[in-house]
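Listed here are the chains, written in short residue letters.
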Amino acid sequence: MADGTLTRTAVRRWPRAAGRGRRGEELTKILFVLPAAVAMVALFGYPVVKNLLMSLQDYGLRTFFTGEAPFVGLANYTAMVKDQLFSQAMVNTGLFTIGSIAFQFAIGLGLALFFRRRFPLSGFLRSMLLLPWLLPLIVSSATWRSILEQDNGILNRTLIGAGLLDDPVPWLNSPSVALIAVIGVNVWIGIPFNVTLLYSGLTEIPDELYEAGQLDGATGWSAFVHITWPNLRAVASVVLMLGVVYTIKVLDIILGLTGGGPANATQTLATQSYERSFVDFKFGEGAALSNLLIALSFLFAIFYLRGTRRAVDE
Amino acid sequence: MISKRITALLAGATALPLLLAACGGSGDSSSASGASVSSLTVLDYYNNDPDKALVQKGLDGCATKLGISIQRETVPGDTLIQKVLQQASSKTLPDVLMLDNPDVQQIAATGALAPLNDLGVTADGFAQGIVDAGSYDGKLYGLAPVVNTIALFYNTQMLTEAGVQPPKTWDELKAAAKKLTKPGRYGIAFNANATYEGAWQFLPAMWTNGGDETDLNSPQVAEALQLWTDLVQSGSASKSVVNWTQGDAKDQFAAGKAAMMVNGPWQIPSLQSTPNVKWGVVQFPVNKAGQTPVAPLGGEAWTVPLNKDQAKQQKAADFVKCLTSDENELTWAKARFTVPTRTALLDTYVKDVPSMAAFTEQVKNARSRTGKLGEKWPDAAKVIYQAVQLALTGKASPQDAFKQASGG
């Protein structure tokens, strides 16, 4: 996983290059990057191009046997937009992404701030927090599916047992609740990532700033607003950007929990892309949908990186 | 700023969805044509015991008979088609390929399979449903030695306690389910999830009532959906059926949390491991007296992918012929709780395995899913499970659900 490296490069403050020896320095830099760039073009560039081509082809079951995939122009994209589930999938993808990110980030930031204080067992607890991240997603979703089960699931039993509820909540069985439940599980899975990065961002803020702030009367909330947040902004942008990029394409959790149901209430662009490709064997349409996802991810990546650059350059 | 561009690129690239990488398998080059065939490769999805070992026995038996050896590969059921596609694109399909019967026509339509008639394999004496399932465009491409279907399991003890007879009509089914429902227990369990499995479980109700996949907007189909809706809305079945698999339904039944279930005979070995649950099986109930219960045919067909090596292709066809011999059919049926596909064997079979009587009866009138629509069946199945989901979650009435699901 490249997460660690990514954040670090983005977070590090870039010194403005000094004038002398700049050319040679540039060349050295390029030589250093070259092998990685070649590897990236081979590993990422090829599939991206292939996916673009596929989305312009009639790429179906037959293609695998005959090797023929006639070009059909934008037919796959037209079919994608005309699909009666497209608008619902768009809305669901938006709700799923925004909901997941908002809560992951807020809870993650809260926990990171909490762990910034030193207290016994904090290290142990922090490592326990990583658990959701370490579990294979298919295990998480299977476990959560049994937890959220309407009749015998542990969550409803606990809530009813504690007198908080009279009737069981149809977490995964009702079209109006299922998306919320799926977002909830995704938040749970995403918290460790947010805590880890935000915590490391917090530890890089020098204590002197707080000490100085204290003299000026900046404690508590105002210390957060004037010291913590401005210094954390660069990290926060990267966390949010990566969060969006990861969340927008989440597939396994949704498939494991609801399979896109009930009544398509949890269909997203990603589950639709999977279905077109691997259930309907319309690989061209599946590719069109995943290209839309890539485009959306790119948009967010550019947007956030711009923001980060400005924050860092200030 | 180069590094930032790269960061962006990397971030974008990680969003790349999993695409089927058509990676090549082992490059099995076929032996020179004309040479005597000494071995065949076989691919199937019986990857768990006891089925894996039982099927192996049958395969070995036929291999010995034909004087060849076999290299068998088994993969999990849900990955078989992907495996087949990979192998198709790298031209490494096995000599003998097992396919789930609703997939036979789709794969045959791609031109990947050899017509069995040309290789001396006929479907004489087989149940019509299974001939339909294995045929495409009037030619036979796959044959199943044994089949299965779904029927109604019931917990004998619970029915006796409640004074309920195994239901024969939908009204009896609804009344029985209601009576058998108690706190912590549902009258009936079935699977109505948003997959082909959910569509498959709906078919007994739909077909028995005269509904047809070529006209999903008929009142007969809506009535069938009304039955499912009534069972859920009256509380006789859990609202969770929209997410359950057939395995989940079986788990509920085995745990005593459901008094009846719609399920197939492949659950019998698992039910035998909970001996305190005593059960019986009846055919799926009919809506009105005079109707015949019609359920979908399940089970796997064996096919022969096209092979440039004529001798090998012929040997593979002989192998399929051997797998569907009387002797092998009976052995597999008995060992694996399935029903032989040669109709002449049915009476002997039921005599030997009485617990399979209802399933055997049900198979006699069972229909193949692809019989009418062929490779277009998946589209209809999709509309069916979407409509079931819409109705059971209350998003549409059973009358409107099919119209809505088909985008009308």
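Residues numbered from 1 in each chain as written. Chains lettered and ligands numbered in written order. Predicted model: local features only at pLDDT ≥ 70, side-chain atom pairs only at ≥ 80, totals over all residues. Heavy atoms only, no water.

Undergrad: Hey, could you go over the overall build of chain B for me, with residue numbers and the actual values?
TA: Tallying secondary structure elements over chain B gives 17 helices and 13 strands in all. A compact globule built from 408 residues should have a C-alpha radius of gyration of about 22 Å, and chain B, at 23 Å, falls within 12% of that. Each principal axis of the C-alpha atoms in chain B carries an extent, and together these give about 75 × 70 × 40 Å. When each of the 408 residues of chain B is scored for burial, the buried share is 57%. Taking contacts inside chain B between residues at least 6 apart in sequence as the whole, the part at least 24 apart equals 74%. Only carbon and sulfur atoms are counted for the fraction: they give 51% of the accessible area of chain B, which is about 15800 Å². Taken together, the 36 basic and 37 acidic charged side chains of chain B have centroids lying 5 Å from each other. (Helix = DSSP H or I, 4+ residues; strand = E, 2+ residues; numbered from the N terminus. Rg over C-alpha atoms; globule rule 2.2 N^0.38 Å. Buried < 20%, exposed > 50% of the residue type's maximum accessible area, 1.4 Å probe, protein only. Contact = heavy atoms within 4.5 Å. Areas by Shrake-Rupley, 256 points an atom, 1.4 Å probe, with all protein chains shown as cover. Lys, Arg positive; Asp, Glu negative; His and termini not counted. Charge placed at Lys NZ, Arg CZ, Asp CG, Glu CD.)

Undergrad: Got a sec to walk through the overall build of chain A? Specific residues and values, please.
TA: When its secondary structure is counted, chain A shows 15 helices and 0 strands. Taken along the three principal axes of its C-alpha coordinates, chain A extends 70 × 70 × 30 Å. Of all 314 residues assigned to chain A, the portion counted as buried reaches 44%. Across chain A, the fraction of contacts at a sequence separation of at least 24, relative to all contacts at a separation of at least 6, is 67%. Looking at chain A as shown, the accessible area adds up to about 16500 Å², and 67% of this sits on carbon and sulfur atoms. Put simply, chain A has 24 plus and 21 minus side-chain charges, and the middle of one group is 9 Å from the middle of the other.

Undergrad: Could you give an account of the pairing of strand E8 (residues 151-155) of chain B, with specific residues and numbers?
TA: Residue and element names in this part refer to chain B. The buried fraction of E8 amounts to 5 of the 5 residues, a majority that puts the element mostly inside the structure. Of the strand pairs in this sheet, E8 and strand E10 (residues 258-263) are connected by 4 bridges, and their pairing is antiparallel. Its bridge partner lying in E10, Tyr154 is registered against Met260. Where E8 lies against strand E11 (residues 279-282), 4 bridges are found, and the strand directions are antiparallel. Bridge pairing in E11 links Leu152 to Val282. (Pairing = 2+ DSSP bridges.)

Undergrad: Can you break down the sheet that holds strand E6 (residues 142-143) of chain B residue by residue, with the values?
TA: Residues and elements named next belong to chain B. If you trace the 5 strands from one edge of the open sheet to the other, you get E2-E1-E3-E12-E6, paired in mixed fashion. Of all the strands in the sheet, the pair left with one neighbour each is strand E2 (69-74) and E6. One ladder, built from 4 bridges, connects strand E3 (residues 96-100) with strand E12 (residues 300-303); its direction is antiparallel. Paired with Asp100 across the bridge in E12 is Glu300.

Undergrad: Pulling in residues and values, what's your account of the side chain of B:Asn263?
TA: Residues and elements named next belong to chain B. Structurally, the position occupied by Asn263 is in strand E10. In this structure Asn263 comes out as buried when scored by relative accessible area, which is 0%. For Asn263, the side chain forms a polar contact with the main-chain oxygen of Gln246, separated by 3.1 Å. For Asn263, the residues in contact, after removing those within four places along its chain, are Thr149, Ile150, Ala151, Phe153, Gln201, Gln246, Ala249, Lys250 and Phe359. (Polar contact = N/O pair within 3.5 Å; in protein donor to acceptor, adjacent residues only side chain to side chain.)

Undergrad: Would you mind going over the UniProt feature "transmembrane region" (unreviewed entry) in chain A in detail, with residue names and values included?
TA: On the UniProt side, "transmembrane region" (unreviewed entry) is annotated at positions that read residues 30-49, 95-115, 127-147, 177-199, 234-257 and 286-305 of chain A here. Between the C-alpha atoms that bound residues 30-49 of chain A the distance is 24 Å, and the span itself is 100% helix and 0% strand. (UniProt positions renumbered as here; feature names shortened; annotations may be inferred.)

Undergrad: Can you break down the nonpolar core residue by residue, with the values?
TA: Core analysis: the biggest nonpolar cluster contains 145 residues, and B:Phe190, B:Trp228, B:Trp302 and B:Phe319 have the highest contact counts within it. Shared between two domains, this core takes at least three residues from each, and those domains are domain 1 (7-147 + 297-364) and domain 2 (151-295 + 373-405) of chain B. Among all residues touching B:Trp228, those that are not within four sequence positions of it are B:Phe190, B:Ala192, B:Gln201, B:Phe202, B:Val262, B:Phe284, B:Val388 and B:Leu392. Among the nonpolar cores identified, the runner-up in size contains 27 residues, and A:Leu197, A:Val235, A:Leu240 and A:Leu305 belong to it. (Core = buried A, V, L, I, M, F, W, Y, C linked by side-chain atoms within 4.5 Å. Domains from an automatic or database assignment.)

Undergrad: Give a detailed account of the sheet that holds E11(B), specifying residues and quantitative values.
TA: Residue and element names in this part refer to chain B. Spatially, the 4 strands line up as an open sheet ordered E9-E10-E8-E11, and their pairing is mixed. Strand pairing shows two members of the sheet lacking a second neighbour, strand E9 (186-189) and E11, which therefore form its edges. Taking each pair of neighbouring strands and ignoring which way they run, the sheet shows an average axis angle of 20°. Sitting on the sheet, helix H10 (residues 246-254) is in contact with E8, E9, E10 and E11, with an inclination near 155° to E10. (Axes fitted to C-alpha atoms, helices over the stretch in contact; angles between N-to-C directions.)

Undergrad: Can you lay out the confidence of the model for chain A for me, pointing to particular residues and giving the numbers?
TA: Looking at chain A, pLDDT values average 87 and 91% of them are 70 or higher. In this model residues 1-14 of chain A is a low-confidence stretch, pLDDT under 50, and it forms 18 contacts with partners more than four residues away in sequence or in other chains. (pLDDT = per-residue confidence, 0-100.)

Undergrad: Please provide a residue-by-residue account of the state of the cysteines, values included.
TA: Residue and element names in this part refer to chain B. Scanning the model with the defined rule gives 1 disulfide over all chains in all. The disulfide bridge from Cys62 ends at Cys322, spanning 2.0 Å between sulfur atoms. Its S-S torsion of approximately -90° makes the covalent link between Cys62 and Cys322 left-handed. In this pair, Cys62 sits in helix H2 (residues 51-66) while Cys322 sits in helix H12 (residues 310-323), placing the two residues 260 residues apart along the sequence. Residue Cys62 is classed as buried on the basis of its relative accessible area, which comes to 3%. (Disulfide = S-S within 2.5 Å.)

Undergrad: Account for the packing of helix H8 (residues 196-208) of chain B against helix H16 (residues 377-392) of chain B, naming residues and giving values.
TA: Residues and elements named next belong to chain B. It is at 8 Å that the axes of H8 and H16 come closest, and there the two elements cross at 85°. Put simply, H8 runs roughly perpendicular to H16. Contacts from Tyr196, Gly198, Ala199, Phe202, Leu203 and Met206 of H8 reach H16 at Trp377, Pro378, Ala381, Lys382, Ile384, Tyr385 and Val388. Counted by class, the contact of H8 with H16 contains 11 nonpolar, 1 polar and 1 charged residues. (Parallel < 35°, antiparallel > 145°, perpendicular 65-115°, else oblique. Nonpolar A, V, L, I, M, F, W, Y, C, P; charged D, E, K, R; others polar.)

Undergrad: An account of the domain arrangement of chain B is requested, with residue identities and associated values reported.
TA: By convention, interface size is frequently given as the accessible area that disappears when the constituent parts associate. Residue and element names in this part refer to chain B. Domain assignment breaks chain B into domain 1 (7-147 + 297-364) and domain 2 (151-295 + 373-405). On a C-alpha basis, the centres of domain 1 and domain 2 stand 29 Å from each other. Contacts between domain 1 and domain 2 engage 13 residues on the former and 20 residues on the latter. Summed over both partners, the interface of domain 1 with domain 2 comes to about 1400 Å²; 66% of that surface belongs to carbon and sulfur atoms. Our count for the contact surface shared by domain 1 and domain 2 stands at 0 salt bridges. Our count for the contact surface shared by domain 1 and domain 2 stands at 2 residue pairs in polar contact (both at pLDDT 80 or more). Broken down by secondary-structure element, the contributors of at least two residues to the side of domain 1 that touches domain 2 are helix H4 (101-109) and helix H15 (357-364). (Buried area = accessible area lost by both parts, 1.4 Å probe. Salt bridge = Lys/Arg side-chain N within 4 Å of Asp/Glu carboxyl O.)

Undergrad: Just give me the short version of the confidence of the model for chain B, but keep the residues and values in it.
TA: Residues and elements named next belong to chain B. When the pLDDT values of chain B are averaged, the result is 89; 91% of them are 70 or greater. Across residues 1-34 the pLDDT falls below 50, and counting only partners more than four positions away or on other chains, this stretch makes 58 contacts in the model. Scored by ipTM, the complex comes to 0.82, with pTM at 0.84.

Undergrad: Break down the pattern of salt bridges for me, citing the residues and quoting the values.
TA: Should their charged atoms come close, side chains of opposite charge can pair. Residue and element names in this part refer to chain B. Considering all chains together, one arrives at 23 salt bridges over all chains under this definition. Lys65 is the salt-bridge partner of Glu327, the closest N and O atoms lying 3.5 Å from each other. On the criterion of sequence distance, the pair formed by Glu327 in helix H13 (residues 326-336) and Lys65 in helix H2 is long-range, its members being 262 residues apart. Lys334 is paired through a salt bridge with Asp352; the nearest N and O atoms lie 3.0 Å apart. With Lys334 in helix H13 and Asp352 in helix H14 (residues 346-352), this residue pair connects regions lying 18 residues apart in the sequence. Relative accessible area serves as the criterion here: at 36%, Lys334 is assigned to the partly exposed category. On the basis of relative accessibility, which here comes to 44%, the residue Asp352 falls in the partly exposed class.

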